[in-house]
Amino acid sequence: MKILVTGGAGYIGSVTVEQLLKRNHEVIVYDNLSTGRLSAVAEGAKFIEGDVLDAEKLAEVFSTNRVEAVIHLAACALVGESMANPLKYYQNNVIGSLRLLEAMTNAGVKKIVFSSTCAVYGEPKEIPIKETHETNPTSSYGETKLAVEKALRWFEKSYGIRHVSLRYFNAAGASENYGELHEPETHLIPNVLRVALGEKEHVEVFGTNYPTPDGTCIRDYVHVIDIASAHIKALEILDEKSEVFNIGCGDGYSVKEVIETAEKVTGKKIKVIYGDRRTGDPAVLVASSEKIQKELGWKPQFQNLEQIIYSAWIWMKKMLEVESNQLQASQGSFHET
Ligand code: UDP
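A quick note: this is a predicted structure, and the numbers were derived from the prediction, not measured. Residues take numbers from 1 onward in each chain, read along the sequence in its written order. In keeping with the model being predicted, local features are shown solely for residues with a pLDDT of at least 70 and side-chain atom pairs are shown and tallied solely at 80 or more, while totals for entire chains, interfaces and linings include all residues. Side-chain figures throughout are based on the complete set of non-hydrogen atoms in the structure, without hydrogens or water.

**Overview of unusual backbone geometry**
Item 1. The residue after I127, namely P128, is reached through a cis peptide bond having omega -5 degrees.
Item 2. Looking along the chain, the bond that leaves E183 and enters P184 is cis, with omega of 0 degrees.
Item 3. Topologically, P184 is positioned in the loop between strand 7 (170–172) and helix 6 (188–196).
Item 4. Positive phi, close to 65 degrees, is recorded for N24, a residue that is not glycine.
Item 5. Helix and strand definitions follow DSSP, with helices as H or I runs of at least four residues and strands as E runs of at least two, each counted in order from the N terminus. Note on placement: N24 falls in the loop between helix 1 (11–22) and strand 2 (26–31).
Item 6. Summary of the burial criterion: residues with accessible area below 20% of their type's maximum are buried, those above 50% are exposed, and those between are partly exposed, where the area comes from a 1.4 Å probe applied to protein chains only. For N24, a relative accessible area of 70% corresponds to the exposed category.

**Looking at the site of the ligand**
Item 1. Being near a molecule or strand, for a residue, means having at least one of its heavy atoms within 4 Å of it. If you check the shell around the ligand, you find 14 residues, and the closest are L188, E204, F206, R278 and D281.
Item 2. Measuring from a nitrogen atom of the ligand, one finds a backbone N or O atom of E204 at 2.7 Å.
Item 3. The contact in question runs from an oxygen atom of the ligand to an N or O atom on the side chain of R219, over 3.1 Å.
Item 4. For the ligand, whose accessible area on its own is 520 Å², the fraction buried by protein is 89%.
Item 5. Secondary-structure elements contributing two or more residues to the shell around the ligand are helix 6 and strand 8 (203–206).
Item 6. Of the residues forming the shell around the ligand, the biggest block, three residues, is contributed by strand 8.
Item 7. For the shell around the ligand, the class distribution of residues is six nonpolar, four polar and four charged. Identification of polar contacts relies on pairs of N or O atoms within 3.5 Å, with a donor-acceptor requirement for protein atoms, meaning one able to donate a hydrogen and the other able to accept it, and with residues adjacent in sequence counted only if both atoms are side-chain atoms. The method behind every accessible area is Shrake-Rupley, applied with a 1.4 Å probe, and residues are considered shielded solely by the protein chains displayed. Throughout, the ten residues Ala, Val, Leu, Ile, Met, Phe, Trp, Tyr, Cys and Pro are labelled nonpolar, Asp, Glu, Lys and Arg are labelled charged, and all others, Gly among them, are labelled polar.

**Focus: helix 6**
Item 1. Counted residue by residue, helix 6 has nine buried out of nine residues, so it is predominantly covered.
Item 2. Among the residues making up helix 6, those that are buried are L188, I189, P190, N191, V192, L193, R194, V195 and A196.
Item 3. G198 sits one or two positions beyond helix 6 and adopts a positive phi of about 85 degrees.

On their own, these measurements won't tell you what the molecule is for.
This is the structure we're talking about:
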């Protein structure tokens, strides 16, 4: 299939594109490079620099490429930032998605896999969380993703665009070539690993008085390669129907457990400081992924946290090496001239 991947230069996008190419799909990456990197676009994919808010550019992309399906990942995705700047989240996530859907409608493209989030649930009433759980977001990030999920239902009814919304829990880990690199980094695992690498002095734990056994937040970490493979499986059912699926492993780990596991994996002591809660963070988010396992035969290949953190650690060390080689090379060429 010929697939347009918005946000294909980002963390989840880069691995999804890599996996699509491995399965011989033709891929066009559409990314504004605001948080993504050109170096994260896998060889073999066509790259178009563009913003999802740019209606003209989107129309041009669809008129010059025979796109059969869209994987829509381009979005702002930080709970904390969304609380400080909801306007940015409504603009990029809601208006950006509507522009994309308008361009798809005009071009007659009728399949979309949408990157949603467990943040649509808010504070859960039941764990593990099923797709039927009520949606009551506690952050503007979750609210904007829920708004798009709802819009998709109307776009199906009126324009026949089929959708699968994938509600990711906590994406983590790396493939051999692509991983998580944000500037500034706000996510727990890469921050913990940066401390292990000596790039950061300490990691701050956001809140120690949550109603959990050790007082820190519990999350369900799912490997980015497993997330990528869920997108590919989701494409397969779009011929038949629209759906919403959770993607998680079903195991919850507290922030303290993540730090302890990272110490074990890296063999390094990680300095921790304890701070206040981050607004918008629910205490516990753990998925039931029974539905996607049953309906699409998806199953996480990376089942334990140690494996997930190990893959991120190997990739981060490799990146650091590449960076220091590049630095040495540029210093070398500076001395030569
Ligand atoms: N967290 C933390 N320190 C950090 C980053 C995150 O204590 O430097 C906590 C955060 O409050 C949440 C969990 O770790 O409970 C996972 O956060 P992350 O930002 O990685 O993912 P999110 O759950 O926001 O998608």
